[in-house]
Amino acid sequence: MGFNGINNNNNRISSKTIVGIWLILFMLFLSGPLYIYTVSIDLWGMFGGMPGTKQLENPENDLSSELYFADGSLMSRYYRYNRSPVSFDKLSPHLVNTLLISEDHRFYKHSGLDFIAYLRVFKGLITFSYAGGGSTLTQQLAKNLYNTMGGELEGRISKWSRNMGKPGFYSRRLIAKTKEWIISVKLEQTFTKEEIIALYLNTVEFSSNSYGIRSACETYFGKEPDSLNVQEAAVLVGLLQAPTTFNPKLNYDNSFRKRNEVLYKLYKRDYFSKDEYDSLVLLPIDLSKYKVDNLHTRLASYFRFTILWDLLAFCKENDLDLYEGGLRIYTTLDKTLQEYAEESVLWWMDSLQTIFLNEWKGKNPWVDKNNREIRGFIQQVRKRTKHYKELVAKYGEDHDSVDIVMNIPRPMKVFSWVGDIDTVMSPMDSIRYYKKFLQAGFMAMDPHSGHILAWVGGINHNYFEFDHVKQGRNQPGSTFKPIVYATAIENGYHPCFVLEDVRKTYQTFSDPPTWTPRNAEGKYSGEKMTIRKAMAQSKNSITAQIIYEVGPRNVIAKARMLGIESPLSPVLSLALGVSDVSVYEMVGAYSAFVNQGTWTKPYYITRIEDKYGNVIKNFVPERKEALSEEDAYIMLYMLRGTVEEEGGTARGLARWDLLGDNNEIGAKTGTTQNYSDGWFIGVTKDLVAGVWVGGDDRAIHFPSIRWGQGARMAMPIWADFMTKVYTDTTLNYTRGPFPAPRRRLSIQLDCSQYGLVDEIDSLTLKKLDSLQQIDESDIF
C-alpha cells in the first residue's frame, strides 16, 4: 500500500504527502499504545520489520576471527572491525561500576526504559537547558545491534521521508527511536542484566581501530578487561561519548579532562573517598603499552600473512566469512620458539648488514660475475614497483612525467636497523636504499609430527612484505647435496665408500656440451676420501661423480618423495643446487631423515572452530615413506659428518657450545655461485630448522667467499636459536643422540675400521644396477 502525491518526474514529495504522513504519525503517537503496537507489527509495511525472537536470542555482530599459538595464547585477529567478545565474568568490577555510574546508574532498576531520565530530558527541552541524554544502556545496545534507521528494518514511511528535509528526518528518527524502545524491552526480557552489560561493551567503538572492550584494553593498556584499574576504566568509559575527541593518544588533554569528569561522578556516588579522588585526578594517563593492532608489527607477522591466504581459500570453499565470522584458528606455532627465532634472525641480520656494507666499501652491491656494477639495474628494478606501474598507467610508459615524479624528493619514513627514520627521499632513492638490505628466511619444525614451530619470513614485514620461507625460492647450493647422497645410499653406496677429489669433465648432451664442476675455491686436493667426508667438506667434484652414477632423474624422484615440488632440471649440475627451492621445502625434506624415513608435510593449522566452539575441520598432515628407516639413519650419520669430520663446514658450531653432552647434530651448509645465497639446515633428535640469507636479487651479494658462504651468512642464526632452545629449561628440547633404528643395522657406521676402500662392491648394501627405473611422467 502506498501514498499518492509522489512526483515521478523529479521524485520529490508533495506538500500534501508531508502533511499526511505527519498527521498519521501525530495521531498514532497521541494514542500511545496503539502507535507502539502498529510499529511493532509493522502495519502495512509502513514502519519496517523488527528482529524476531531468534535474532534477539542470538544477536549477530561482526566478530573478528582469532588465530592462536599452539599453547592457546592469542596470536592475531582477522577483522573488518577489531572486535573480540568477552563474557561478564571477565570484566573488571571497576569497569562495570564506572560504566553504570557514569552512563546508567538506574540500570538495575529499570526494564530497558528509564522514564525518570525521559522526564529530565523533557524538562531540559522546555527550559532550553541540556541535562544529558535519556537513553539507557539497553537502548544503546539495541542501536548498536540493529540499524533501526535503515537497512532491513526500514519501512515505507522512512523511505518516503528521505527527501523531505528536516520534517522527513524527524519522522524517521521518531520511528527509529520507537523501535529502540521496543527492542530494549525485548532485550531485557531475553537477557540477564549482566549479559546486557557484556553485550554492550562488546559492541561499542573505542577509536584506535578498537571495537569492543577487549581490543580497547589491549590497545590502550596492554591488558585484559578483568585487569583494569579504576582510572583506566574511567578513560575507556569517557571514550564512549566521542571516541575520537576523547582518544587519549590523539587528544590527551580532552581525554584527561573527561576521565576526571567520570571519576568525579564516581566520587559523588561514594565509590571512593575525597582523598582517593584527589589522588586519582592527578595521575597521568599511562599509555606506555599503547599499541594499535597491526598485522605487520606483531610476533609472527610473516606467518600471519602466509596463513591468511590459506584461510581465505578455506572460507571460500566452506561459505564462511573470515573477517566477521568469529572463527577460531588453532596453529602449531610455538610462541616461545617463535620469539627465539625472531630474536636470532634480527640479531644476526643487524650485524651482517654492517659487515655487508663494509665489504663493499661504499660501492653499490648489484654486480655481475666480475663484481662490476650492473648499469641500469635500479632502472629495471623500478619497473617492478607498484608506484612506477601506477605512473605508467596514468601518463604512459615513455612520458617524461614518469621519470620526473620518480625523482622528486618527498618526506617518507624508512626502515633502518636503529629504528624507523623520517627523511626526505625520491622514490628512486628509496629503491636504491632498500635494495642494499640483506634478507632472511627461517623455519623450524617438529620432524615427527610435521608441526611448524617457528616461521620468520624476513627482517621487517612492515617494509619488506615478501616471505622468504615459502613464497621465495632460491638456489639451495650444497644443502641440496644430501638428497643426491640419499639417492646413492638407497641404491647401494656405503658412507665409507671412497672417491677422489679431482677435476673431471662430463658430457651433458646439451648446451654447453660439457660440464666441469669446480670446488668452492676452485681447488682440487687430489685426496681420496669417504663420501661422508666429501659431503662434510662439501666437495663439488665428488658430489658430481655421485649424480653422474645415480642419474639426475633418480635424484629428482627422491626429491619428490621428500616433498620438494619446485621445478627441478634433470641436469648434472642439479647436484650443486642450481634449481630454486624454498626454505619450507628443504626443511621438510630434511625432516624425513630424523623421522625414520617418513616424510611428513610441514603444516601449521591443527583445527578451525566456529564462534560457538564447534569444530569445523581438524587438519591431518600428509605422510609418505621417502626412505627406509635404515637409510634415513645412515643419512643422519652422513649429516653428522659436517660437525665430526675434519674440515666439516659446520664445525664452527663448537663456538656455541652445542656439541657436548653426547649431543648429536646433523647439518649442511649451502653457498651458491657468486655468493648470492647462504644456507644452513640443521637437524637434532627433536627439531629441524633451516635458514636462508641473501639479497632481494641474485645480483646483490657479498664480493667474496670470505663472508659470502652459508657458514657465515646463515649458520649463526641457527646456532643462536638452538642455544636459546637448549638453555630454556621450560621447553622439552634436550640434547642427546639420534634414536637408533628399531632393527639392527646391516652395516657398521664407522669408516675408521675400513681404511680407504676403492672397490664399491666391498661396501655396498646392494648393487648399483638395482637403481630404480622411473617413468619421467612420475617426476615432472
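Below: a short report on this structure. A quick note: this is a predicted structure, and the numbers were derived from the prediction, not measured.

**Examining the nonpolar core**
Inference 1: Leu337, Phe442, Trp455 and Leu653 are the most contacted members of the largest nonpolar core, which totals 151 residues.
Inference 2: With ten residues, the single largest contributor to this core is helix α15 (residues 335–360).
Inference 3: Setting aside chain neighbours within four positions, we find Phe442 in contact with Ala341, Val345, Ala454, Trp455, Val456, Val469, Ala689, Gly690, Val691, Ile717 and Phe721.

**Remarks on the environment of Val688**
Inference 1: Locating Val688 in the fold gives a position in strand β18 (residues 688–694).
Inference 2: Overall, the relative accessible area of 0% leaves Val688 in the buried class.
Inference 3: The residues touching Val688, leaving out its near neighbours within four places in the chain, are Met443, Ala444, Met445, Pro447, Val587, Tyr590, Ser591, Val594, Ile681, Gly682 and Val683.

**Brief notes about the packing of helix α10 (residues 213–221) against helix α11 (residues 230–239)**
Inference 1: Across the interface, α10 lies against α11 with an axial gap of 11 Å and an inter-helix angle of 120°. Regarding the angle of α10 to α11, the classification is oblique. Of the two possible hands of crossing, α10 and α11 adopt the one that is right-handed. In contact with Ile213, Ala216, Cys217, Tyr220 and Phe221 of α10, α11 contributes Glu232, Val235, Leu236 and Leu239.
Inference 2: Here the residues of the contact of α10 with α11 sort into eight nonpolar, no polar and one charged.

**Observations regarding the sheet that holds strand β2 (residues 74–78)**
Inference 1: As summarised here, the arrangement of the five strands in space is β2-β1-β3-β13-β14, forming an open sheet in which the pairing is mixed. Both edges of this open sheet fall to β2 and β14 (615–618), since each of them pairs with a single strand only. Adjacent strand axes in the sheet meet at a mean angle of 20°, parallel and antiparallel pairs treated alike.
Inference 2: Relative to β2, strand β1 (residues 65–68) runs antiparallel, the two being bridged by four bridges. Looking at the pairing, Glu66 lines up with Arg77 of β2.

**Quick look at the side chain of Asp446**
Inference 1: Among the secondary structure elements, Asp446 is positioned in the loop between β6 (439–445) and β7 (452–456).
Inference 2: As a buried residue without a salt bridge, Asp446 has its nearest oppositely charged side chain in Arg623, at a separation of 8.2 Å.
Inference 3: Separated by 3.3 Å, the side chain of Asp446 and the backbone nitrogen of Ser449 make a polar contact.
Inference 4: Residues within four places of Asp446 in sequence aside, it is in contact with His451, Leu453 and Asp686.

The rules behind each value
- Residue indices follow the written sequence of each chain, beginning from 1 at its first position.
- Totals for whole chains, interfaces and linings use all residues, but because this is a predicted model, local features are given only for residues with pLDDT of at least 70 and pairs of side-chain atoms are given and counted only at 80 or more.
- Note that the side-chain values use all heavy atoms of the structure and ignore hydrogens as well as water.
- Nonpolar cores are built from buried Ala, Val, Leu, Ile, Met, Phe, Trp, Tyr and Cys residues. Side-chain atoms within 4.5 Å join them into one set.
- Partly exposed residues are those whose accessible area sits between 20% and 50% of the maximum for their type, while under 20% is buried and over 50% is exposed, using a 1.4 Å probe and protein chains only.
- Numbering of helices and strands runs from the N terminus, with a helix taken as a DSSP run of H or I at least four residues long and a strand as a DSSP run of E at least two residues long.
- For this analysis, residues touch if any pair of their heavy atoms sits within 4.5 Å.
- Only the stretch in contact is used when fitting a helix axis, every axis being a line fitted to C-alpha atoms; angles between N-to-C directions are given from 0 to 180 degrees.
- Each angle gets one of four labels, with under 35 degrees taken as roughly parallel, over 145 as roughly antiparallel, 65 to 115 as roughly perpendicular, and the rest as oblique.
- Whether a crossing is left-handed or right-handed is set by the direction in which the near helix is turned from the far one by less than a right angle, anticlockwise for left-handed and clockwise for right-handed.
- Under the convention adopted here, Pro, Cys and the residues Ala, Val, Leu, Ile, Met, Phe, Trp and Tyr are nonpolar, Asp, Glu, Lys and Arg are charged, and Gly plus all remaining residues are polar.
- Whether two strands pair comes down to DSSP finding at least two bridges between them.
- For the charge count, each Lys or Arg is scored as positive and each Asp or Glu as negative, with His and the chain ends excluded.
- Whenever Lys or Arg places a side-chain nitrogen within 4 Å of a carboxyl oxygen from Asp or Glu, that contact is recorded as a salt bridge.
- Two N or O atoms count as a polar contact when they lie within 3.5 Å, although within protein this holds only if one can serve as hydrogen donor and the other as acceptor, and sequence-adjacent residues are included solely when both atoms are side-chain atoms.

Keep in mind these numbers describe shape, not what the thing actually does.
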